[in-house]
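Notes for the structure review
One-letter residues, chain by chain:
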Amino acid sequence: MPNRSRTDVPRLLLLLACGLLPLLAHAAPARYRLDPVHTRVLFSIEHAGFSQALGTVSGSEGVLEFDPDDWSSARLEVSVPVTRLDLGDDKWNQATLARNLLDGERFPQARFVSSRIEPLDATHARIHGLLTLRGVTRDAVLEVTFNQLKRHPLPPFRRTAGFSATTVLSRADFGIDAWKPVIGDRVELRIEAEAVRDGNAEAPAPDIPPTPSNDPLQDAADAALDNEMDTHP
């Protein structure tokens, strides 16, 4: 009889482990890959007091770890290709990407990495993190709405999560302070995102640090243009 008890102990431990494995697997947040086609950033900024200029940035990439039953376990890392911004006019696009504003040549991407999730209810949360734009990193908070999670109705029928988010930035906080009489400081962002379940999803590659400016003529031209815009709006 005692021998049988000793034999049953490993068996009971094995059964217990088998029963816990599904629970542990369920507890781990699933991994998702941002869909660059259906993820878009809309931004608005004051234009000389006349209107709010609207633009979009498409092609964002990133990875999301998410469990709809436990927002606190979520993690987000996103890369936004600012060089793909569109204000509806090629000249305005080029001016916005110039060195005295976004400096798209040296800083072609913005990056957001979450640091803390603040759940509000079943479909809302605040995502706290670090936003890097034009080589400057600042705290940022996204107000996020979870739209739905289900299998996509079109091939390849993968499980897809949809989100909407908003935040407000000061462009001066990121060292973007040219054209003050023409361009407002407050930037409102609206983000629509879809993420496809992908266990192999990887975070975007880090940016290559830009080389320091080595063009005094260009620097002088930028400074003169900024001064002209500040003096004669």
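Here's a quick rundown of the structure. Please read all numbers here as calculations on a predicted model, not as lab measurements.

Before going further, it helps to spend a moment on the overall build of the protein chain. When you go through the protein chain residue by residue, the secondary structure sums to three helices and eleven strands. Helices and strands in the protein chain line up, N terminus first, as α-β-β-β-β-β-β-α-β-β-β-β-β-α. Burial status across the protein chain gives 36% buried among its 233 residues. Counting only contacts in the protein chain whose residues sit at least 6 apart along the sequence, the fraction spanning at least 24 positions is 59%. Of the roughly 14,200 Å² that the protein chain leaves accessible, carbon and sulfur atoms contribute 58%.

Another point: the pattern of salt bridges. All chains considered together, the criterion is met by ten salt bridges. A salt bridge links E65 to R75, with the shortest nitrogen-to-oxygen separation between them at 3.5 Å. One end of the pair, E65, is in strand β4 (residues 61-66); the other, R75, is in strand β5 (residues 75-81), with ten residues separating them in the sequence. Classification of E65 by relative accessible area gives buried; the value is 19%. Among the salt bridges present, the one from R190 reaches E192, with a minimum N-O distance of 3.2 Å. Accessibility expressed as a relative area gives 28% for E192, which makes it partly exposed.

Moving on: the pairing of β4. β4 sits mainly inside the fold: five of its six residues count as buried. For strand β1 (residues 30-34) and β4, the ladder comprises four bridges, and the chain directions are antiparallel. Opposite A30, over in β4, you have F66 as the bridge partner. Note: β4 against β5, five bridges, orientation antiparallel. Each bridged residue has a counterpart across the sheet, and for G62 the counterpart in β5 is V78.

The final tally for this structure, using the stated rule, is seven aromatic pairs. Judged by centre distance (5.5 Å) and plane angle (35 degrees), the ring pair of F146 and F163 falls under tilted. Residue F146 is found in strand β9 (residues 136-151), and its partner F163 is found in strand β10 (residues 159-170); the two are separated by 17 residues along the sequence. When sorted by exposure, F146 lands in the same class as F163, which is buried. Of the aromatic side chains, those joined through ring pairs into one cluster are F66, W71, F146 and F163.

Time to look at the environment of S60. Inspection of the secondary structure puts S60 in the loop between β3 (51-58) and β4. Take S60: its relative accessible area is 1%, and that puts it in the buried class. The spatial distance from the C-alpha of S60 to the C-alpha of P36 is 5.0 Å, given a sequence separation of 24 residues. Once you skip the residues sitting within four places of it in the chain, S60 turns out to touch L34, D35, P36, T39, V41, V78, S79, V80 and P81.

Conventions adopted
Residues numbered from 1 in each chain as written. Predicted model: local features only at pLDDT ≥ 70, side-chain atom pairs only at ≥ 80, totals over all residues. Heavy atoms only, no water. Helix = DSSP H or I, 4+ residues; strand = E, 2+ residues; numbered from the N terminus. Buried < 20%, exposed > 50% of the residue type's maximum accessible area, 1.4 Å probe, protein only. Contact = heavy atoms within 4.5 Å. Areas by Shrake-Rupley, 256 points an atom, 1.4 Å probe, with all protein chains shown as cover. Salt bridge = Lys/Arg side-chain N within 4 Å of Asp/Glu carboxyl O. Pairing = 2+ DSSP bridges. Phe/Tyr/Trp six-rings, centres within 6.5 Å; stacked < 30°, edge-to-face > 60°.

Take it as geometry only, folks, not as evidence of what the structure does.
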